[in-house]
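In case you want the letters, here they are:
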Amino acid sequence: MDVKGKAHKYGNDVDTDVIIPARYLNIADPAELAQHCMEDIDKDFRAKVSKGDVIVAGDNFGCGSSREHAPLVIKESGVGCVIATTFARIFYRNAINIGMPILECPEASRGIDDGDEVEIDFSTGEIRNVTKGETYTAVPFPDFIKRIIDAGGLLNSITR
Amino acid sequence: MGMTMTQKILAAHAGLDEVRAGQLINAKLDLVLANDITGPVSVRQFDKAGFTEVFDKSRIALVMDHFVPNKDIKSAEQCKECRTFAKRFDLDHFYDVGTMGIEHALLPEKGLVAAGEAVIGADSHTCTYGALGAFSTGVGSTDLCAGIATGQGWFKVPSAIQFYLTGELRPYVSGKDVILHIIGMIGVDGALYKSMEFTGPGVAALSMDDRFTIANMAIEAGGKNGIFPVDDKTIEYMVGRVHRDYKVYEADPDAEYEAVYEIDLSAIEPTVAFPHLPENARPISAVGDIPIDQVVIGSCTNGRISDMQAAAEILEGRRVHPDVRTIIIPATQEVYLECIRRGYVETFINAGCVVSTPTCGPCLGGYMGILAAGERCVSTTNRNFVGRMGHVDSEVYLASPAVAAASAIAGRIAAP
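## Topic: the overall build of chain A
So, point 1. Along its length, chain A carries 8 helices and 7 strands.
So, point 2. Overall, chain A is about 45 × 40 × 25 Å in size when its C-alpha atoms are taken along their principal axes.
So, point 3. Within chain A, buried positions represent 59% of all 160 residues.
So, point 4. For chain A, long-range pairs separated by at least 24 residues make up 65% of all intrachain contacts whose partners lie at least 6 apart in sequence.

Here is the structure:
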């Protein structure tokens, strides 16, 4: 399994301002920045998140600003994957570009509840809900995007 | 099958005769843009990835606008990183305090974007330039870094939604009311990944400033871009600003649209978006009694001269409500100067407002008007997410400059 952890569940339209409020965008250090991840939607997030945990949300995750700080603080917090029904397009690009795994999977988004144990295999796109004994399959990435992911992000895919 | 206006611009920049929705392409870029929040991240990535040259020093714009004049030491350090990078590569378009303005008002004003061009910016409101008949879209810092180094970007060719505009706006109704009405209709992900193509006989009656405001908020419906056809007003705007050849594209008559909405501009009322999403739009007649603590008039959405004019005409000879802090921010130095020439600054100050140097400041809760718990602001900005302008328990109501000015006087949300 590529990712194994607990689900943290949120609703639709989780915006970049609640993922990382703009008042912190003057901070350059990713670890310091990540102290404020999800602060305005869930002030306990940092205390309860563990390495390998999964964020599960509904439609339009990451809507709003182009700030790459949003996927960055999620990655820096140890989150292994974000699963959503759909992602806002700039967040989607940013996550892929910096190597933060994301999966679109409406069934998983509906089926997984807060606190469920989740396992993910990226090679097959298979998401297992260990708590409920359910399995969901994510929408696969197009080959073009797979190449960026396999190269370790956009800049590696260019410079190599 | 024909192509949309956006698809034609993308095909031309990818060196292809034809593209289709969903196709992944690599396109040449005419301009790449970053600001003092996203620029430093791009600059650090640039060095980390081992790039040593920029693709074209005349096609990179760095605009210090979000937290300038610097609000604190950390912001100052971020601007310094951008400044150092701009000097190192002798960039032609580095805008610092004294020359800066809010990027999406500034770049069109300086003629840095023209019809038919392809632009990416590490700022979500880069979609503003669709008002000029250009393809422009927001990206993150890594995409922008790749753009600085290679002058190219990858795109999934978007499908499109057509907004067929008819009629003319009524007095005190503006582009802001049109776009809030549309977002209210289709939702904050109603145009996810798609182009919003505005067309129809109603376009001709919209001013360029109205078009900038409408294209600016395409992202608030999840759109990849918003775009207008090029007409006499567009060309007139570019005269004296754009000193290079540009190309005008038109959608094919048989272009495919996933949906077509016909919108009668004359039926739109002044519109207000309630907390905490831009889709929570209500006509002013359905707003009810909402007392307010602050008004902000400015931003990349509504900080242009016609926005200032709309506010000044309402505030002339009147006083804002004693409980309302009213902050007016012309978007660029040129707009600011024109406000001084026309006497608007005197009008604003006599009315009890403050007038600030250009900055994004309060729009994203940076500085220059942060809200305390429980406070409400009517703002001409573009987002009203939780905590956007300050405390998580504060509220932002999005509206036009006319509604904002009328509300400042009334002390509650009011019709102009």
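## Observations regarding the confidence of the model for chain B
So, point 1. In this model, chain B carries a mean pLDDT of 98, and residues with pLDDT of at least 70 account for 100%.
So, point 2. For this predicted complex, the interface confidence reaches an ipTM of 0.94, while the overall pTM sits at 0.97.

## Some thoughts on the pattern of salt bridges
Side-chain pairing between opposite charges can occur once the charged atoms of the two side chains come close.
Residues and elements named next belong to chain B.
So, point 1. Under the definition given, this model contains 31 salt bridges over all chains.
So, point 2. With a shortest N-O distance of 2.8 Å, Arg-342 and Glu-338 are connected by a salt bridge.
So, point 3. Arg-342 gets classed as partly exposed once you look at its relative accessible area, which sits at 38%.

## Remarks on the nonpolar core
So, point 1. Residues A:Phe61, A:Ile74, A:Ile83, A:Ile127, B:Leu107 and B:Met196 are the most contacted members of the largest nonpolar core, which totals 166 residues.
So, point 2. When residues no more than four places from it in sequence are discounted, the contact partners of A:Phe61 are A:Val14, A:Ile19, A:Ile55, A:Ile74, A:Val82, A:Ala84, A:Thr86, A:Phe87, A:Ala88 and A:Phe91.
So, point 3. In terms of nonpolar packing, the next biggest core, distinct from the first, is built from 34 residues, B:Ile297, B:Tyr344, B:Phe348 and B:Ala408 among them.

Calculation rules
- Residues numbered from 1 in each chain as written.
- Chains lettered and ligands numbered in written order.
- Predicted model: local features only at pLDDT ≥ 70, side-chain atom pairs only at ≥ 80, totals over all residues.
- Heavy atoms only, no water.
- Helix = DSSP H or I, 4+ residues; strand = E, 2+ residues; numbered from the N terminus.
- Buried < 20%, exposed > 50% of the residue type's maximum accessible area, 1.4 Å probe, protein only.
- Contact = heavy atoms within 4.5 Å.
- pLDDT = per-residue confidence, 0-100.
- Salt bridge = Lys/Arg side-chain N within 4 Å of Asp/Glu carboxyl O.
- Core = buried A, V, L, I, M, F, W, Y, C linked by side-chain atoms within 4.5 Å.

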